[in-house]
Amino acid sequence: MMKTLGQALFSSGRQNPKYTEGDKKQDQDYEIRTYHATNWMSTTLSGMQWDAAMNTGFRKLFSYIQGNNRNKVKVEMTAPVTCRVDPGAGPACESQFTVSFYVPEEHQDNPPEPSDPEVFLENRKEFTAYVRTFGGFSNDNLKREELLKLMESLQRDGVQYADKPFYAAGYDSPFKLMNRRNEVWVLKKEQE
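Quick summary incoming for the structure in this document. (Residues numbered from 1 in each chain as written. Predicted model: local features only at pLDDT ≥ 70, side-chain atom pairs only at ≥ 80, totals over all residues. Heavy atoms only, no water.)

1. Brief notes about the sheet that holds strand β5 (residues 95-102)
Argument step 1. Read from one edge of the open sheet, 9 strands run β1-β2-β7-β9-β8-β4-β5-β3-β6, paired in antiparallel fashion. This sheet does not close on itself; its edge strands, each paired only once, are β1 (19-21) and β6 (119-124). Across the sheet, the mean angle from the axis of one strand to that of its neighbour is 35°, orientation sign disregarded.
Argument step 2. Sheet analysis places β1 next to strand β2 (residues 31-35), joined by 3 bridges and oriented antiparallel. Along β2, the bridge assignment pairs Thr 20 with Thr 34.
Argument step 3. Sitting on the sheet, helix α2 (residues 50-65) touches β3 (38-47), β4 (81-86), β5, β6 and β8 (161-170), and the angle it makes with β5 is about 35°. (Pairing = 2+ DSSP bridges. Helix = DSSP H or I, 4+ residues; strand = E, 2+ residues; numbered from the N terminus. Axes fitted to C-alpha atoms, helices over the stretch in contact; angles between N-to-C directions. Contact = heavy atoms within 4.5 Å.)

2. Structural notes on the side chain of Arg 14
Argument step 1. Take Arg 14: it is sitting in the loop between α1 (2-10) and β1.
Argument step 2. The charged side chain of Arg 14 is buried without a salt bridge, its nearest counter-charge being Asp 172 at 5.9 Å.
Argument step 3. Here the side chain of Arg 14 touches Tyr 171 through a polar contact of 3.1 Å, landing on its backbone oxygen. (Buried < 20%, exposed > 50% of the residue type's maximum accessible area, 1.4 Å probe, protein only. Lys, Arg positive; Asp, Glu negative; His and termini not counted. Salt bridge = Lys/Arg side-chain N within 4 Å of Asp/Glu carboxyl O. Polar contact = N/O pair within 3.5 Å; in protein donor to acceptor, adjacent residues only side chain to side chain.)

3. Overview of the pairing of β4
Argument step 1. Summarising the sheet, β4 and β5 pair through 6 bridges and their orientation is antiparallel. Considered in β5, the bridge of Thr 82 is made with Ser 100.
Argument step 2. Across 5 bridges, the pairing between β4 and β8 is antiparallel. Across the sheet, residue Cys 83 finds its bridge partner in β8, namely Ala 168.

4. Concerning the pairing of β3
Argument step 1. Judged by how many residues are buried, β3 sits mostly within the fold: 8 of 10 residues are covered.
Argument step 2. Bridge count for β3 against β6 is 6 bridges, and the pairing is antiparallel. Pairing of Ser 42 across the sheet is with Phe 120, part of β6.

5. Topic: the nonpolar core
Argument step 1. Formed by 31 residues in total, the largest nonpolar core has its most connected members in Trp 50 and Leu 154.
Argument step 2. Mapped by element, the contributors of at least two residues to this core are β3, α2, β4, β5, β7 (127-134), α3 (140-156), β8 and β9 (182-188).
Argument step 3. Core analysis: the next-biggest nonpolar cluster, separate from the first, contains 11 residues, Ala 79, Ala 129, Tyr 167 and Leu 187 among them. (Core = buried A, V, L, I, M, F, W, Y, C linked by side-chain atoms within 4.5 Å.)

6. Considering the environment of His 107
Argument step 1. Turning to its location among the elements, His 107 is positioned in the loop between β5 and β6.
Argument step 2. Classification of His 107 as buried rests on a relative accessible area of 16%.
Argument step 3. Beyond its immediate chain neighbours, meaning those up to four positions away, His 107 contacts Val 73, Lys 74, Val 75 and Pro 112.

Following this line, the structure appears as structure tokens:
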């Protein structure tokens with residue numbers, strides 16, 4: 001409990017999913033990462049706001065790692081917590097938000113089964129993402145601004161990317177005040 005609480009407060013020592021970094025040009029303001037195939041614990045919600053979905057989804061996933069699973073096993077906190085956004089058809093339409101927690105290495109092969117029917121195991125295949133990192137306390141507007149900056153940079157560089165879905169990733173506890181790390185991810189467009 002103390003270890004999980006300490007990690008939640010200070011965001012240090014957390015396991016992260018493994019990825020390979022792509023080549024970066026000198027003036028490039030984003031990274032290219034190819035994430036390895038991994039397991040994530042996820043929950044999907046519908047709504048209008050990123051932050052509300054992230055908060056609700058995180059609470060469900062935090063309950064899972066605290067032992068609210070079929071095995072009654074506590075699972076180590078990892079980073080980042082991601083939020084996949086599948087945008088609605090228009091500006092006043094609900095979007096689908098899938099909030100996910102990276103399953104730690106020691107549970108990758110056999111994650112504890114969730115007891116909450118709204119929490120599920122997601123097997124993410126290898127994927128390549130364009131990633132923009134930013135600091136501070138994230139909110140809906142800031143994520144939107146950073147996502148637009150990332151897309152503008154990709155367009156400037158002539159990079160093909162998928163318009164949707166896109167992701168927000170948070171690495172820090174809400175109690176961490178300094179040196180916060182947030183990201184937005186846009187997926188590499190698949191060859192047709």
